[in-house]
Amino acid sequence: MVFQHNPFAGERIIVADDDKTIAKLANFLLEKIGFEVYSAENGEECLLLVEKYRPALVLLDYMMPVMNGLEALKKIRQQYPDTYVLMFTGKGSEEVAVEVMKAGAADYLRKPFANNSLRERINTILSLRKIEIENRVLLKEREMLQGEIQRWNLKLEDRVREKSTELEQAHKEIVQAEKLATLGHISAGMAHEIRNPLNSINLFAQILLSNEGLDEENKNYVSKITQEVERIDDILVQMLASDHDEKTTQKPLDIADVIEKVLRECQLKIDRQKVTLKLDIDRSTPSIHADFLEIEQIFTNLVANALYEMPEGGTLTLFLRSDEDNIYAGVSDTGPGIPKDNISRIFDPFFTTKEKGTGFGLSVVLRIIKSYGGKIKVENLPDSGAGFLIELPLFPQSVH
């Protein structure tokens, strides 16, 4: 009759004992109370059955041929931690008991044993096994939950950092926009004031040109003065127009042509300072709808700054290329680079490290680029010098 109150009925148990009488008795008792039982006569057979059936419990004799019980016990506990072992021993010494318990046995039982003692020991071991396995599962689940919480915390920290960066950037852009707006008004006021003496210079230059005694070489010099005066006047007119959100002089513009004109005008200084010019200009770059003088101002300022940083020679590099949406241009030098503390202030109006600088150049560059919906960034290069990268949309929309 099957034992009706066995909570572990159906569990697999292996009986490993070379004493066939004890093995048969144990098999009979265990099957009677509802266990699924397999038999082995030595340690090697026992290990093969454990590998095949993964039992809950092994009743293992201490003394067996081929592989003794102690060696089999160690291998079972090492390779199959969910299989527990109850050792049978015919020796009653404390040394044997300590030895098998240290090797990983859940308990030991002296032979011969009473049926009730065997059943009680098995129930105790299987109860302990159940609790320990459940604890291992709970510990694993806890580790998984802790890992999941840690991952969520990291994601949350990343989101907080991301949002903080976005807020910081938004604040910087608001402050920058306010500075640029102020710069626009100041520039307009200055433009009005500058045009008066400029007109006087132009008038005197025209008087000199009308002088019949002026030789041809000097006439060329005076002509260049009037040309530069007219160019300054055009820039001032553009500054006045930008203060009123006017963009009336835009037309299809090849930026490569602008770069070439700026470099021609700077060629004398490039040669005098023994600067090497390195160009990577893609002539297939599409035109954009823009104002020539504004785009010229961008490259004039950037090239002038680069040359200023290389008074004793170096390399001036310019590149131009595009993709489906944007035009990319860059100006870099091999000067000393920009001090780290100044990088974030480089485009601020009136900020300059030059002895005679006004701090207008780069802020004007930024204002023009932003008016076309573009971007500009600056970074120190790995070896030496600084580089400016410009991004302009192929189909810009005026932004004020």
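Higher on the page you've got the structure.
These numbers were taken from a predicted model, which means no experiment stands behind them.

Trainee: Where do I start with the sheet that holds strand β11 (residues 375-380) in this structure?
Mentor: The strands that make up a sheet pair up through hydrogen bonds in the backbone, lying either parallel or antiparallel. With respect to topology, five strands assemble into an open sheet ordered β7-β9-β10-β12-β11, the strand pairing being mixed. Whereas interior strands pair on both sides, the edge strands pair on one side only; in this sheet they are β7 (275-281) and β11. Adjacent strand axes in the sheet meet at a mean angle of 10°, parallel and antiparallel pairs treated alike. Helix α10 (residues 361-371) rests against β11 and β12 (386-393) of the sheet, and its axis sits at about 140° to β11.

Trainee: What exactly am I supposed to notice about the packing of helix α8 (residues 292-308) against α10 here?
Mentor: The description of two packed helices rests on the angle between their axes and on the distance between the axes. Between α8 and α10, the least distance of the axes is 9 Å, while the angle of their chain directions is 145°. Both α8 and α10 take part in a crossing whose hand is left-handed. Facing α8, whose interface residues are E294, Q297, I298, N301, L302 and N305, α10 presents G361, L362, V364, V365, I368 and I369. For the contact of α8 with α10, a count of residues per class yields seven nonpolar, four polar and one charged.

Trainee: Is there a simple way to think about the side chain of D333 in this case?
Mentor: Mapped onto the secondary structure, D333 falls in the loop between β10 (326-332) and α9 (340-343). Classification of D333 as buried rests on a relative accessible area of 7%. Reaching out from D333, the side chain makes a polar contact with the backbone nitrogen of G335 at a distance of 2.8 Å.

Trainee: Can you walk me through the packing of aromatic side chains in this structure?
Mentor: Think of a pair of aromatic rings as described by two things: how far the centres are apart, and how the planes are tilted against each other in angle. Per the counting criterion, the structure on display carries two aromatic pairs. On the basis of an interplanar angle of 15° and a centroid distance of 3.9 Å, the ring pair of Y38 and Y53 is categorised as stacked. Taken as a pair, Y38 in strand β2 (residues 36-40) and Y53 in helix α2 (residues 43-53) lie far apart in primary sequence, 15 residues in all. Under the relative-accessibility criterion, Y53 is labelled buried at 19%. Judged by centre distance (6.2 Å) and plane angle (80°), the rings of F347 and F388 are edge-to-face.

Trainee: How should the sheet that holds strand β4 (residues 84-89) be read in this particular structure?
Mentor: With parallel pairing, the five strands of this open sheet are ordered in space as β2-β1-β3-β4-β5. Each of the sheet's edge strands pairs with one partner strand only, and the pair in question is β2 and β5 (107-110). Sheet twist, expressed as the mean angle between neighbouring strand axes with direction ignored, is 20°. Most of the contacts of helix α1 (residues 20-32) go to strand β1 (residues 12-16), to which it runs at about 165°, and overall it touches β1, β2 and β3 (57-61).

About the cut-offs
Residues numbered from 1 in each chain as written. Predicted model: local features only at pLDDT ≥ 70, side-chain atom pairs only at ≥ 80, totals over all residues. Heavy atoms only, no water. Pairing = 2+ DSSP bridges. Helix = DSSP H or I, 4+ residues; strand = E, 2+ residues; numbered from the N terminus. Axes fitted to C-alpha atoms, helices over the stretch in contact; angles between N-to-C directions. Contact = heavy atoms within 4.5 Å. Left-handed = near helix turned anticlockwise from the far one by under 90°. Nonpolar A, V, L, I, M, F, W, Y, C, P; charged D, E, K, R; others polar. Buried < 20%, exposed > 50% of the residue type's maximum accessible area, 1.4 Å probe, protein only. Polar contact = N/O pair within 3.5 Å; in protein donor to acceptor, adjacent residues only side chain to side chain. Phe/Tyr/Trp six-rings, centres within 6.5 Å; stacked < 30°, edge-to-face > 60°.

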